[in-house]
Amino acid sequence: MRIEKEYRILEDIDEIRIFDATENDFYKPTPQEFDIEDIPISKLINNIHEEVHALIPHKNGQDFIIQNLSSLILNKYNWPPENVKGRLLSKFSPLFFDLLHEDLLEVYKIRNTKKIRFVYYTKNKLTKLSNVKIVFDMERIFVVSNNIDTRISKREDIDNRPLDEEKTAMMESFSQTGSYYNINGKYTWSQGIYNILNRAKEESDDYYNIVLDLVIPEDKHIVDKIFETTNKETSQCEEIIRIMTEDNVLKVIEVNICSYFDESGIIIRQGMINDITQHHHDENSKPVDFLLGGFKNSRKIALLIEPLNKKQYEFSKGFYYLIEKDHKEYIHSPEILDNIVEKDVVERIKKLIDGELSEIDETLTYEVDGNPNNKKIVHLSIERFEFENDVHSLGFLTNLTEEMEKHNELVESHKLQLILLKEIHHRVKNNLQIITSFLNLEKRAYRNEPDLIIENMLTRLSSLSLLHENTFDTKDFKSINLKEYILNHDMKTKRQIDAEIEFETYVDENLNITMEVITPLLLIIDELTMDSIKYSSPNKTAPNKITKKITKSDDNTASLVFKYCRLENEDSQNATHTIRCEIIKSLTKQLNGTISLTEDDHETTYKLTFPTDMEHTIH
């Protein structure tokens with residue numbers, strides 16, 4: 001059993017729809033709790049057409065005692081009155097108590113009459129309609145029901161029916177256009193409707209919409225919109241829907257429904273139905289259904305049928321996924337163009353709508369709900385064409401957002417590769433110039449010591465090799481973490497030199513410098529290292545120690561403190577004028593830095609201050 005409730009604004013009535021209920025759902029026999037006398041007019045109310053039930057308020061309306069149920073109910077269930085009187089409604093009929101208690105209490109407190117309509121369905125077929133009035137009189141609540149059984153064998157026509165069916169039948173006998181009226185919940189169908197449905201009249205046709213109830217699932221949201229509009233306001237709806245008749249024929253129908261009040265204030269719904277299947281051609285509509293089915297689960301591609309028609313459009317799932325709207329909530333209008341970023345594209349779409357263009361093929365940026373932080377890149381293609389003297393439109397919408405993101409990543413990656421290639425060529429050129437300069441200096445200084453020249457150059461080449469090796473894994477030449485470079489440099493240096501040297505190195509974790517800085521910095525460290533090995537103090541119990549500490553001074557500056565123990569007979573004055581010191585000064589100048597030397601207790605300390613950022617020459 002299922003129950004639905006709805007307030008029908010235009011009719012000013014609460015409607016309660018009960019689906020697939022059994023007799024046992026309504027009443028549950030229970031022992032008598034109160035001695036109740038017969039109502040004085042019980043004989044009268046049991047002999048009128050309507051069902052009249054009498055209830056006595058109990059505990060100020062918290063519950064109601066049954067004084068009388070109509071003879072129709074008693075006869076239906078074969079109950080004597082003694083099986084009903086004196087029972088609380090909440091126990092005897094929990095279902096009706098839950099449904100009606102608020103209304104019964106309202107009538108009891110305010111004394112105003114209340115109208116309710118009960119509509120009963122069995123297997124989605126309307127089987128009974130009951131118009132109920134709740135009235136307060138004689139300190140009692142009377143529930144008066146006027147029941148209409150839709151399964152009766154004899155049809156009852158509405159008095160003063162506004163449609164002359166005999167004349168209409170003659171006019172519509174061969175027509176595929178029909179009409180209907182709905183007055184007080186009862187339908188009147190013209191012959192043209194039965195022509196469209198290809199069936200004869202049935203007894204229950206007065207009590208449900210025999211056309212709209214046949215709509216296919218894909219178009220049910222359109223019917224919901226029709227009912228929602230016509231139930232809540234006096235208005236007119238024009239829609240195109242597809243129905244499947246009882247003999248399994250798919251038809252396309254044009255529906256024009258309006259709601260209005262007649263002169264006596266009764267709400268009337270009038271509908272005009274036109275079968276336009278022949279204009280759509282079955283052989284053409286079937287491929288459309290096939291295409292819609294194929295596009296149904298696609299979130300990237302959308303099929304747009306009649307996108308230039310704000311009433312007769314049909315869009316597949318991909319469109320609603322793109323705009324992030326439920327298809328039931330979406331109303332097709334030119335306002336959607338406000339969310340397109342490219343205004344020149346908007347102007348071309350408007351020209352297409354106005355017929356100035358026959359087609360468009362555009363890639364555009366769509367902001368969901370106008371939110372610039374939620375953008376979609378889409379390709380839109382729409383074409384206008386004529387078919388049987390009518391202008392139609394068909395379009396495709398493709399969501400390119402993910403593809404464009406991947407494309408942009410590839411473009412950026414390609415740019416990075418080009419930068420990397422230029423960087424490598426730039427480094428090779430600069431480093432070859434540095435090596436040439438070093439060789440010229442070494443050749444003049446150590447003309448008679450070629451082995452020393454080779455040994456010194458091997459150390460420098462090792463540093464340059466390290467730079468090239470790490471460059472291959474570098475994506476940002478403007479922000480390189482220095483610590484990894486320095487630690488790798490220590491390992492390579494230890495493997496290369498023929499001496500017992502211990503490195504004690506500290507580098508700030510978050511010290512990042514540019515590639516323009518790291519090259520001269522590593523070469524300076526090489527020269528200081530080779531100089532310290534030459535002049536360091538021999539120690540037989542422990543290896544010589546070289547201490548390096550590189551820290552960040554401020555946002556733009558860092559410092560290197562380089563220490564080692566020198567020989568007792570070292571001539572510091574001579575050391576500062578060696579060719580290696582000239583190289584260090586030259587590299588420091590290239591680095592835009594400053595370097596100082598201090599000596600204390602046989603310990604030599606160099607302090608280099610240098611910028612962390614220099615202008616990058618490769619872009």
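Everything here concerns the structure above.
Residues numbered from 1 in each chain as written. Predicted model: local features only at pLDDT ≥ 70, side-chain atom pairs only at ≥ 80, totals over all residues. Heavy atoms only, no water.

Let us look at the sheet that holds strand β22 (residues 557-565). Taken in spatial order, the five strands line up as β19-β21-β22-β24-β23 in an open sheet, and their pairing is mixed. Because the sheet does not close on itself, it has two edges, and the strands there are β19 (501-507) and β23 (594-600). Averaged over all neighbouring strand pairs, the angle between strand axes comes to 15 degrees, with direction disregarded. In this sheet, strand β21 (residues 544-552) lies alongside β19 in parallel orientation, the contact comprising seven bridges. By the bridge assignment for β21, F503 is matched with I546. Taken strand by strand, helix α14 (residues 482-496) contacts β19 and β21, and its axis lies near 175 degrees from that of β19. (Pairing = 2+ DSSP bridges. Helix = DSSP H or I, 4+ residues; strand = E, 2+ residues; numbered from the N terminus. Axes fitted to C-alpha atoms, helices over the stretch in contact; angles between N-to-C directions. Contact = heavy atoms within 4.5 Å.)

It is worth spelling out the packing of aromatic side chains at this point. Any aromatic ring pair is given by two values, namely how distant the centres are and how the planes are angled relative to each other. Considering all chains together, one arrives at 21 aromatic pairs under this definition. On the numbers, 5.5 Å between centres and 25 degrees between planes, the contact of F26 with F96 is stacked. Of this pair, F26 sits in the loop between β2 (13-19) and α1 (42-45) while F96 sits in helix α4 (residues 94-110), placing them 70 residues apart in sequence. Through a chain of ring-to-ring contacts, the aromatic side chains of F26, Y27, Y77, W79, F92, F96, F118 and Y120 assemble into a single cluster. Directly above the aromatic system of F19 lies the positively charged group of R2, at a separation of 3.9 Å from the ring centroid. (Phe/Tyr/Trp six-rings, centres within 6.5 Å; stacked < 30°, edge-to-face > 60°. Lys NZ or Arg CZ within 6 Å of the ring centre and 35° of its normal.)

All right, on to the nonpolar core then. Counting residues in hydrophobic clusters, the biggest one holds 42 residues, and the most contacted among them are L482, L521, I550, L560 and F610. For L560, the contacting residues outside a window of four places in its chain are L521, I525, L528, K548, K549, I550, Y606, K607, L608 and F610. Membership of the second largest hydrophobic core comes to 31 residues, among which are I18, Y77, L89 and V107. (Core = buried A, V, L, I, M, F, W, Y, C linked by side-chain atoms within 4.5 Å. Buried < 20%, exposed > 50% of the residue type's maximum accessible area, 1.4 Å probe, protein only.)

Once that is clear, we can look at the environment of F319. Position of F319 relative to the elements: it lies in helix α10 (residues 317-323). Judged by its relative accessible area of 7%, F319 is buried. Sequence-wise, F319 and T398 are 79 residues apart; in three dimensions their C-alpha atoms are separated by 8.7 Å. Sequence-distant contacts of F319, defined by excluding residues within four places in its chain, comprise A302, L304, Y330, I336 and L397.

The next subject is the pairing of β23. Bridging between β23 and strand β24 (residues 603-611) involves seven bridges; their strand directions are antiparallel. From the neighbouring strand, L597 faces β24, where its bridge partner is Y606. Between β23 and β24, which pair antiparallel and follow one another directly, the connecting turn spans two residues, one of which, D601, has a positive phi of 50 degrees.

Looking at the element boundaries, T401 is found in helix α12 (residues 401-445). Since its relative accessible area comes to 13%, T401 is described here as buried. A polar contact of 2.7 Å, which involves the side chain of T401, links it to the side chain of N399. Setting aside its immediate chain neighbours within four residues, T401 contacts K375, K376 and I377. (Polar contact = N/O pair within 3.5 Å; in protein donor to acceptor, adjacent residues only side chain to side chain.)

Right, let's talk about the environment of D206 for a bit. Locating D206 in the fold gives a position in the loop between α6 (191-197) and α7 (220-232). By relative accessible area, which is 3% here, D206 ends up buried. In sequence terms D206 and T188 are 18 residues apart; their C-alpha atoms lie 6.2 Å from each other.

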